[in-house]
Amino acid sequence: MATLFKTLTTPAHEKPDAEKPKSRILILSSRGVTYRHRHLLQDLVAMLPHSRKDAKLDTKNNLHYLNEVAELYNCNGVLFFEARKRQDLYIWMSRVPNGPCVKFHVHNLHTMSELNFTGNALKGSRAIVSFDKNFDLQPSSALIKELLLHTFSVPKGARKSKPFIDRVVNFTLADGKVWVRHFQIQVSSVKEKKDDDEKAKDKETTELVEIGPRFVLTPIVILEGSFGGPKVYENREFVSPNAVRREIRDRKAVRASGRDGQRIKRSVKKKEVAREQAVAKQMEREIDDAMLFA
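Residues numbered from 1 in each chain as written. Predicted model: local features only at pLDDT ≥ 70, side-chain atom pairs only at ≥ 80, totals over all residues. Heavy atoms only, no water.

Asker: Got a sec to walk through the overall build of the chain? Specific residues and values, please.
Answerer: The secondary structure content of the chain amounts to 6 helices and 11 strands. Looking at the chain as a whole, 36% of its 294 residues are labelled buried. As displayed, the chain offers around 19100 Å² of accessible surface, 52% of which is attributable to carbon and sulfur atoms. (Helix = DSSP H or I, 4+ residues; strand = E, 2+ residues; numbered from the N terminus. Buried < 20%, exposed > 50% of the residue type's maximum accessible area, 1.4 Å probe, protein only. Areas by Shrake-Rupley, 256 points an atom, 1.4 Å probe, with all protein chains shown as cover.)

Asker: An account of the pairing of strand E7 (residues 162–174) is needed here, citing residue identities and associated values.
Answerer: Residues in a regular strand project their side chains so that they alternate between the two faces of the sheet. Inspection of the sheet shows strand E6 (residues 125–131) paired to E7 by 7 bridges, in the parallel sense. Within E7, the position partnered with Ser130 by the bridge is Asn170. On the question of chirality, the crossover connecting E6 to the parallel E7 by way of helix H5 (residues 139–152) is left-handed. (Pairing = 2+ DSSP bridges. Right-handed = clockwise from strand over helix to strand, strands pointing away.)

Asker: Can you tell me about the pattern of salt bridges, naming the residues and giving the values?
Answerer: Taken as a whole, this structure holds 10 salt bridges when the rule is applied. In this structure, Arg181 engages Glu210 in a salt bridge whose closest nitrogen and oxygen atoms are separated by 3.9 Å. You can see Arg181 sitting in strand E8 (residues 177–192) and its partner Glu210 sitting in strand E9 (residues 201–210), a full 29 residues away along the chain. For the pair Arg181 and Glu210, a shared accessibility class is recorded, and that class is buried. For Arg214, the salt bridge identified is with Glu210, shortest N-O distance 2.8 Å. A single network of salt bridges, built from pairs that share partners, joins Arg181, Glu210 and Arg214. (Salt bridge = Lys/Arg side-chain N within 4 Å of Asp/Glu carboxyl O.)

Asker: Give me the lowdown on helix H3 (residues 65–72), citing residues and values where you can.
Answerer: Of all the positions in H3, only Leu66, Asn67, Val69 and Ala70 are classed as buried. For H3, the angular spread of buried residues about the axis comes to 165°, placing them on one side. With respect to the buried face of H3, the exposed residues turned more than 90 degrees away are Glu71 and Leu72. The secondary structure elements touched by the buried residues of H3 are strand E1 (25–29) and strand E3 (77–84). (Arc of directions from axis to C-beta. Contact = heavy atoms within 4.5 Å.)

Asker: I'd love a proper account of the packing of aromatic side chains, names of residues and values included.
Answerer: Counting across every chain of the model gives 4 aromatic pairs. Relative to Phe227, the ring of Trp92 has its centre 5.9 Å away and its plane inclined at 40°; by these criteria the two rings are tilted. Remark: Phe227 occurs in the loop between strand E10 (214–223) and strand E11 (231–234) and Trp92 occurs in strand E4 (residues 88–95); sequence separation between them is 135 residues. Judged by relative accessible area, Trp92 falls into the buried class, the value being 9%. Taking relative accessible area as the criterion, Phe227 reaches 10% and is therefore assigned buried. A ring pair is formed by Phe131 and Phe171, whose centres lie 5.2 Å apart and whose planes are at 20°; its orientation type is stacked. One end of the pair, Phe131, is in strand E6; the other, Phe171, is in strand E7, with 40 residues separating them in the sequence. Judged by its relative accessible area of 0%, Phe171 is buried. Site record: aromatic cluster; members linked through ring pairs are Phe131, Phe135, Phe152 and Phe171. Positioned above the aromatic ring of Tyr90, the side-chain terminus of Lys103 is 4.8 Å from the ring centre. (Phe/Tyr/Trp six-rings, centres within 6.5 Å; stacked < 30°, edge-to-face > 60°. Lys NZ or Arg CZ within 6 Å of the ring centre and 35° of its normal.)

Asker: Break down the side chain of His50 for me, citing the residues and quoting the values.
Answerer: You can see His50 is positioned in the loop between helix H2 (35–47) and strand E2 (51–53). By relative accessible area, His50 is classed as buried at 1%. Not counting the four nearest positions on each side in its chain, His50 is found in contact with Ser23, Arg24, Ile25, Thr151, Ser153, Val154, Pro155, Ala158 and Arg159.

Asker: Outline the nonpolar core, supporting the account with residue identities and numerical values.
Answerer: Ranked by size, the top nonpolar core spans 32 residues in total, and within it Phe81, Leu148, Phe152 and Phe171 carry the most contacts. Not counting residues within four places of it along the chain, the set of residues in contact with Phe171 comprises Val129, Ser130, Phe131, Asp132, Phe135, Leu148, Phe152, Val178, Trp179 and Val180. Residues Leu63, Leu66, Trp92 and Leu223 belong to the second largest nonpolar core, which totals 18 residues. (Core = buried A, V, L, I, M, F, W, Y, C linked by side-chain atoms within 4.5 Å.)

Limitation: the analysis is restricted to geometry and does not speak to function.
Laid out in structure tokens, this is it:
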């Protein structure tokens, strides 16, 4: 009874961290992901020890089912990989069950296996989440910052996490895009040169070594709810990859039609030149016969 009374009367800021609700992220993908998308998902699962990986989702239209799946696994965050046409990748980042939700387009993707960096961080360690100061300039970017912070920051005492901090996840906002980099905190000792009387002492130096993955996120839309609700923000400058590919095809078609027209004109002109030459030769032959038998 005394323990219950003490728990109820203790202020919220004085309670230990174990009593606070911990963040847990559900990571899954849709059908049609490529091997590079799958490798990126595996890298993020390794980066986030408080995450839970689930099987692929069959639907791409009824995304509100993800809220129910997250509640089944006791997760309050969702990271959903949506693949389109087996080449375009979109990432949905949401807080369950009340939102908000952000949709990103992923490009310039490089996984850990592709980069082959020399860094080697401890699996399951916690990371320092670093943000650029440009995130605080606009309300939409500040909201994206909060979602990234709640998703990539590993809470203390999370499942499969270790009590070490040897990584840095950096988010930089430039040109309307979020640039993601992952570094290892490497501490090395260097001996300082002293005078002859003094002994050399070891000096520790700290540096950041990139370990991957690296990718760029372009925000498309921010929804008020979790996978639904009114639009809070929409990127008017975003051009879908389908529109880019369609424009490239149209340019190639225009060039091809121009080449076909030039080819037809050239063949017609060759026929006209050949006909004129034949007529000229015939006239010369007639003139030669008339001069000969005159």
